[in-house]
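Now for the letters of each chain:
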Amino acid sequence: MKQCDVLIVGGGPAGSTCAWQLHRAGREVLILDKRLFPRDKVCAGWITPAVAEELQLDLADYERGRVLQRLTGFRTSLMGGPEVETRYPEAVSYGIRRREFDHYLLTRSGAQTLLGTPLESMRREGGQWIVNDAIRAPLVIGAGGHFCPVARRLGARPGAAEAAVLAKEIEFPMTPEQAAACPARADTPELFFCQDLRGYGWLLRKGNYLNIGLGRQDKRRLGSHLAAFVDMLARRGRIPAGLPDHFHGHAYLLYGETPRELLDDGVLLIGDAAGLAYAQSGEGIRPSVESALIAARLVHGLGGDYRRERLRPYVEELVARFGPRDRRHGPNVAALLPRSWMRALSARLIASRWFARHVVLDRWFLHRGQPPLWPQPQ
Ligand SMILES: Cc1cc2nc3c(=O)[nH]c(=O)nc-3n(C[C@H](O)[C@H](O)[C@H](O)COP(=O)(O)OP(=O)(O)OC[C@H]3O[C@@H](n4cnc5c(N)ncnc54)[C@H](O)[C@@H]3O)c2cc1C
């Protein structure tokens, strides 16, 4: 039986960040992941500078042999409507490939890894967890994404009662002919909001790769929304011919929409397993990293006593950072207005240069008003 101080289930950004911090603090950490790395992950793959700062990413080191696309502008529109271009004097985001990014963070974490091994069982024995009948740990951190088995153990029912975002995307290297025929600028991602504002599509060129996708907050007809979106891009000449025909899908929860139980004796959830993505943009990497940092700092200070009440400050810190965990019952002015009014209003707002810069981008997508979590010790 293998013994460790902390077992982290899932080696995505949440798991590897938490492992990185705990390993630096001298804990024996093991990351268990069902996949072998490097592995693909369904994601548009853009991160804000705050993420790079919180992770203390050495950008010069990172971009050696990896894609790091500096993004200095955005084109935004209501699907089919006029586009607004907003420019910034510096990089306000980076386009990365999750295959590279996640592998880099996992390797850098310094933690032991057990890859290609799914979590199959976990049981409590003498105040410890026994996982897969092979690993013993007093604390298990669930970082296995939306379908995390540790979250299920705490009662999550993905796909049933939860209101998830469903999204599909493709990412592929363009041939020289496709690259020449693609007018999308690598420093300027394009965002296309659905008419009902229940989701958006994106076109993101990073280096030689093109990433196209669409996510929506309702389960119905994602395929037809996606087909209409790709059709519109093709008609407008924004994408080259010969796209791969299979889009890959995934789901995740927005913070405040469907709160999950986050902890119990000797167990807590971080990242998508905890359902933390920003509600307006669906950005999930930053909240994953931040929840991992909050959890690691708390765990380090607990001296091995991981009873539920000792872990409780984790939830309080999440609320302090991200706001109330359940926003389903708050006032919804939009629901009181007739649909045609809402459509007309959203069309005007999204077409406004001021609204695009100050609300859609600075506030909803870039969170420029929210500084990085806290300076991490070097
Ligand atoms: C289409 C799409 C586009 C997105 N675009 C962006 C974006 O541009 N920017 C952004 O910030 N966010 C984006 N997101 C959200 C972002 O991808 C997630 O919030 C982020 O990946 C969460 O990180 P995580 O570490 O919590 O989970 P994940 O990245 O999902 O990692 C979970 C890990 O757990 C492992 N695992 C799962 N089950 C098991 C098991 N049973 N046993 C062992 N291991 C297991 C998996 O193999 C995986 O490696 C997007 C999401 C989607 C679906």
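Residues numbered from 1 in each chain as written. Predicted model: local features only at pLDDT ≥ 70, side-chain atom pairs only at ≥ 80, totals over all residues. Heavy atoms only, no water.

Trainee: Whenever I open this one, the site of the ligand confuses me. Can you help?
Mentor: Neighbouring the ligand are 37 residues; Asp33, Trp46, Arg98, Asp272 and Ile285 lie closest to it. Within the backbone of tryptophan 46, an N or O atom sits 2.9 Å from a nitrogen atom of the ligand. Within the side chain of aspartate 272, an N or O atom sits 2.7 Å from an oxygen atom of the ligand. Alone, the ligand offers 1000 Å² of accessible surface; in the complex the protein occludes 94% of this. Those elements giving two or more residues to the shell around the ligand turn out to be helix H1 (13–24), strand S3 (29–33), strand S14 (164–173), strand S18 (248–253) and helix H8 (285–301). Here the shell around the ligand is built from residues that sort into 17 nonpolar, eleven polar and nine charged. (Near = heavy atom within 4 Å. Polar contact = N/O pair within 3.5 Å; in protein donor to acceptor, adjacent residues only side chain to side chain. Areas by Shrake-Rupley, 256 points an atom, 1.4 Å probe, with all protein chains shown as cover. Helix = DSSP H or I, 4+ residues; strand = E, 2+ residues; numbered from the N terminus. Nonpolar A, V, L, I, M, F, W, Y, C, P; charged D, E, K, R; others polar.)

Trainee: Looking at this model, I keep getting lost on the sheet that holds strand S12 (residues 135–137). Mind explaining?
Mentor: Picture the strands of a sheet paired through backbone hydrogen bonds; they go either parallel or antiparallel. Strand order in the open sheet formed by four strands is S1-S12-S11-S10, and the pairing between neighbours is mixed. Edge positions in the open sheet fall to strand S1 (2–3) and strand S10 (122–125), since each of these has one partner strand only. Relative to strand S11 (residues 128–131), S10 runs antiparallel, the two sharing four bridges. Looking across to S11, one finds that arginine 124 is bridged to tryptophan 129. (Pairing = 2+ DSSP bridges.)

Trainee: Can you walk me through the packing of aromatic side chains in this structure?
Mentor: For any two aromatic rings, the description comes down to two numbers: the centre-to-centre distance and the angle of the planes. Applying the stated criterion to the full structure yields twelve aromatic pairs. On the basis of an interplanar angle of 90° and a centroid distance of 5.8 Å, the ring pair of phenylalanine 355 and tryptophan 364 is categorised as edge-to-face. Three or more aromatic residues joined by ring pairs make a cluster, and in this case those are Trp46, Phe74, Phe193, Tyr200, Trp202 and Phe365. Geometry around tyrosine 209 places arginine 97 over its ring, the cationic atom sitting 3.8 Å from the centre. (Phe/Tyr/Trp six-rings, centres within 6.5 Å; stacked < 30°, edge-to-face > 60°. Lys NZ or Arg CZ within 6 Å of the ring centre and 35° of its normal.)

Trainee: Is there a simple way to explain the pattern of salt bridges in this structure?
Mentor: Close approach of charged atoms allows side chains of opposite charge to pair. Counted according to the given criterion, the structure contains 33 salt bridges. The partner of arginine 75 in a salt bridge is glutamate 83, and the shortest N-O contact between them spans 2.6 Å. The exposure class assigned to arginine 75 is partly exposed, which follows from its relative accessible area of 23%. The residue glutamate 317 makes a salt bridge to arginine 297 at a minimum N-O spacing of 3.8 Å. In this pair, glutamate 317 is assigned in helix H10 (residues 313–322) and arginine 297 in helix H8, connecting sequence segments 20 residues apart. Relative accessible area serves as the criterion here: at 48%, arginine 297 is assigned to the partly exposed category. The network of salt bridges with shared partners includes Arg75, Glu83, Glu85, Arg87, Arg185, Asp187, Glu190, Arg236 and Arg238. (Salt bridge = Lys/Arg side-chain N within 4 Å of Asp/Glu carboxyl O. Buried < 20%, exposed > 50% of the residue type's maximum accessible area, 1.4 Å probe, protein only.)

Trainee: It is not clear to me how helix H7 (residues 222–235) should be interpreted in this structure. Could you clarify?
Mentor: The α-helix winds at 3.6 residues per turn, so residues separated by three or four positions along the chain end up facing the same way. Across its 14 residues, H7 extends 20 Å between first and last C-alpha, which sits within 8% of the 20 Å expected from 1.5 Å per residue. Burial in H7 covers these residues: Leu222, Leu226, Phe229, Val230, Met232 and Leu233. What you see down the axis of H7 is that its buried residues fit within an arc of 155°, all on one side. Contacts made by the buried residues of H7 are with S14, strand S15 (190–193), strand S16 (199–206) and strand S17 (209–216). Two residues or fewer past H7, glycine 237 is found with a positive phi of approximately 70°. (Expected span 1.5 Å × (residues − 1). Arc of directions from axis to C-beta. Contact = heavy atoms within 4.5 Å.)

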